[in-house]
Amino acid sequence: MMEAYLDNSATTRALDSVRDIVVKTMMEDYGNPSSLHKKGLEAEHYVKEAAAQVAKTLKASPSEIIFTSGGTESNNMAIIGAARAGKRTGKHIITTTIEHASVYNVFGHLEEEGWKVTYIPVDEHGHVKTEALLSAVDEETALVSVMYVNNEIGSVNPVGEIGALIKKKNPRTVFHVDAIQAYGKYRICPQKEHIDLLSVSGHKIHGPKGVGFLYVRQGTKILPVVFGGGQQKGMRSGTHNVPGIAGLGTAAEEIYRDHEARIDAMYGIRELFAGLVSELPGVTVNGLPGRGSAPHVVSVSFEGVRAEVLLHALEEKGIYVSSGSACSSNHPALSGTLQGIGVRRELLDSTLRFSFSIFTTEEEIRYTVQTLAGLLPVLRRYRRM
């Protein structure tokens, strides 16, 4: 039986080069970078090299990179740290209604602590309503957080435009961008796009799990949320995860090699899938077609079939997909993103996410659509019985 892994927004297969450097730093160069002997200096070299590799992809300085345990920690550190540091500006913070749980729930926590939170809606394509956001920014707005690419439908926000508008209205407002689904798919330049804080996760770009980074623009006020031995200039204490950091640096460097060609190929895969699947009866592709959406995410609603049932039916055929954000599967609920873009209520529990990577093949796409064509009539008939 053929296997088709189409859940790359949840996690990706590690690159061979990532595997090799992770093994080397676990089995040979395994010192603690805080140690003063040779083994420690060897480990510290890997950390510094990874910071340089990551910074180069953003046209940033290595000193602006803080390594974390992944996207969730990066988002928490950015939002809580910037909000607390910006109290003198005011206790007003802004985000959107379609953020990932690692952003949305942090805002909910701060709201319980007494912060005034404004949630900005999106249009039918999943784009934040820029005019509503701009009107919400005032002299007391300490922080605005907007995702670059939505993890469920692949909508792409004009973060550069948003950043410029925010800074024009209130230069003291810190602008945070969750780029966990965007990094590696787009060339991001925080300086040019007026981004103060940027969150990234390693396992979304063929790096290791359990590692990520937070870009902190020089001069941005942010307080630490993890305390201990004072590593990373006191911003994120704790022993460095050297194998993860080295793997992340390698993945970052490699994912931006031949970048345009790889993204063009991914768009080709996306459009092939979207075109074929939309020809099936009772199927709706959500979001904008073509380059209007991210190259790796397609949200599809299947009329008359529960998402979980279809997901497991595909799994039995060796096809792996998601019913939405993988992080939200532990607490299933109707998607706020799908509701936000106006998906019909009867389709909210009938939508799957298909997501691709540099390894996805045309053969996998055709096999998946062929399998769907066979499964859907059977599952719909079974539901009616």
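The following paragraphs examine the structure supplied in this document. (Residues numbered from 1 in each chain as written. Predicted model: local features only at pLDDT ≥ 70, side-chain atom pairs only at ≥ 80, totals over all residues. Heavy atoms only, no water.)

## Topic: the overall build of the protein chain
Heads up, the rule is: Segments assigned H or I by DSSP are reported as helices when at least four residues long, segments assigned E as strands when at least two residues long, and all are numbered from the N terminus. When we talk radius of gyration, it's over C-alpha atoms, and the globule rule is simply 2.2 Å times the number of residues to the 0.38. We call a residue buried when its accessible area falls under 20% of the maximum for its residue type, exposed when it is over 50%, and partly exposed in between, using a 1.4 Å probe and counting protein chains only.
Counting its secondary structure elements, the protein chain contains 11 helices and 12 strands. A globule of 385 residues ought to have a C-alpha radius of gyration of about 21 Å, and the protein chain, at 21 Å, matches this closely. By principal-axis analysis of the C-alpha atoms, the protein chain measures approximately 65 × 55 × 35 Å. Counting every position in the protein chain, which comprises 385 residues, the buried fraction comes to 57%.

## Brief notes about the nonpolar core
A general trend in soluble globular proteins is that nonpolar side chains are found buried together. Our working rule: In this description, a nonpolar core means a group of buried Ala, Val, Leu, Ile, Met, Phe, Trp, Tyr and Cys residues linked to one another through side-chain atoms lying within 4.5 Å. Contacts are assigned to residue pairs that have any heavy atoms within 4.5 Å of one another.
Counting 83 residues, the largest nonpolar core has Phe-302 and Phe-354 as its most contacted members. Looking at this core element by element, the count peaks at 8 residues for helix H2 (residues 38-58). Every residue in contact with Phe-302, bar those within four places of it in the chain, is listed here: Val-277, Gly-282, Val-283, Leu-310, Leu-347, Ser-350, Leu-352, Phe-354, Leu-372, Leu-376 and Arg-380. Among the nonpolar cores identified, the runner-up in size contains 22 residues, and Ala-83, Phe-107, Leu-110 and Trp-115 belong to it.

## As for the environment of Arg-187
What counts here: Here a polar contact is recorded for every N or O atom pair within 3.5 Å, except that within protein the pair must consist of a potential hydrogen donor and a potential acceptor, and residues adjacent in sequence are included only if both atoms are side-chain atoms.
For Arg-187, the position within the fold is in the loop between strand E6 (174-178) and strand E7 (197-201). With a relative accessible area of 48%, Arg-187 lands in the partly exposed category. In this structure, Arg-187 is in contact with Tyr-256, His-259 and Glu-260, ignoring residues within four places of it in sequence. Only 3.4 Å separates the side chain of Arg-187 from the backbone oxygen of Tyr-256, close enough to count as a polar contact. A polar atom in the side chain of Arg-187 sits 3.0 Å from the side chain of Glu-260.

## Re the packing of helix H3 (residues 71-85) against helix H4 (residues 101-112)
Note the threshold: Note on method: axes are straight lines fitted to C-alpha atoms, helices fitted across the in-contact stretch only, with angles between N-to-C directions ranging 0 to 180 degrees. Should the near helix be turned counterclockwise from the far one by less than a right angle, the crossing is left-handed, whereas a clockwise turn marks it as right-handed. Each residue gets one of three labels, nonpolar for Ala, Val, Leu, Ile, Met, Phe, Trp, Tyr, Cys and Pro, charged for Asp, Glu, Lys and Arg, and polar for the others, Gly among them.
Between H3 and H4, the shortest axis-to-axis distance is 9 Å and the interhelical angle comes to 30°. Where H3 crosses over H4, the two elements pack in a sense that is right-handed. Of H4, the residues touching H3 (which contributes Thr-72, Asn-75, Asn-76, Ile-79, Ile-80 and Ala-83) are Ser-102, Val-103, Val-106, Phe-107 and Leu-110. Among the residues making up the contact of H3 with H4, the classes are represented as 7 nonpolar, 4 polar and no charged.

## Points about helix H1 (residues 16-27)
Along an α-helix, residues three or four positions apart point the same way, because every turn accommodates 3.6 residues. Put simply, the rule reads: Here a helix's expected span is defined as the number of its residues, less one, multiplied by 1.5 Å. Here the arc refers to the directions that run from the helix axis out to each C-beta atom.
When the terminal C-alpha atoms of H1 are compared, their 17 Å separation across 12 residues agrees well with the 16 Å that a helix rising 1.5 Å per residue should span. Of the residues making up H1, those classed as buried are Val-18, Ile-21, Val-22 and Thr-25. Seen along its axis, H1 keeps its buried residues to an arc of 105°; they face one direction. Considering only its buried residues, H1 is in contact with H2 and helix H7 (242-255).

## Regarding the side chain of His-100
Relative to the assigned elements, His-100 resides in the loop between strand E3 (92-96) and H4. The exposure class assigned to His-100 is buried, which follows from its relative accessible area of 13%. In this structure the side chain of His-100 is engaged in a polar contact, spanning 2.9 Å, whose partner is the side chain of Ser-102.

## Here's the deal with the pattern of salt bridges
Just so we agree on the cut-off: Take a side-chain nitrogen of Lys or Arg and a carboxyl oxygen of Asp or Glu: if they are within 4 Å of each other, that pair is a salt bridge.
Taken as a whole and judged by the stated rule, the model has 17 salt bridges. Among the salt bridges present, the one from Glu-73 reaches Arg-236, with a minimum N-O distance of 2.7 Å. A residue pair is termed long-range when its members are at least 10 positions apart, and Glu-73 in helix H3 and Arg-236 in the loop between strand E8 (212-216) and H7 qualify at 163 residues. As far as burial versus exposure is concerned, Glu-73 and Arg-236 are alike and both buried. Residue Glu-253 pairs with Arg-257 through a salt bridge whose shortest N-O separation is 3.7 Å.

Spatial relationships are all this shows, so hold off on functional conclusions.
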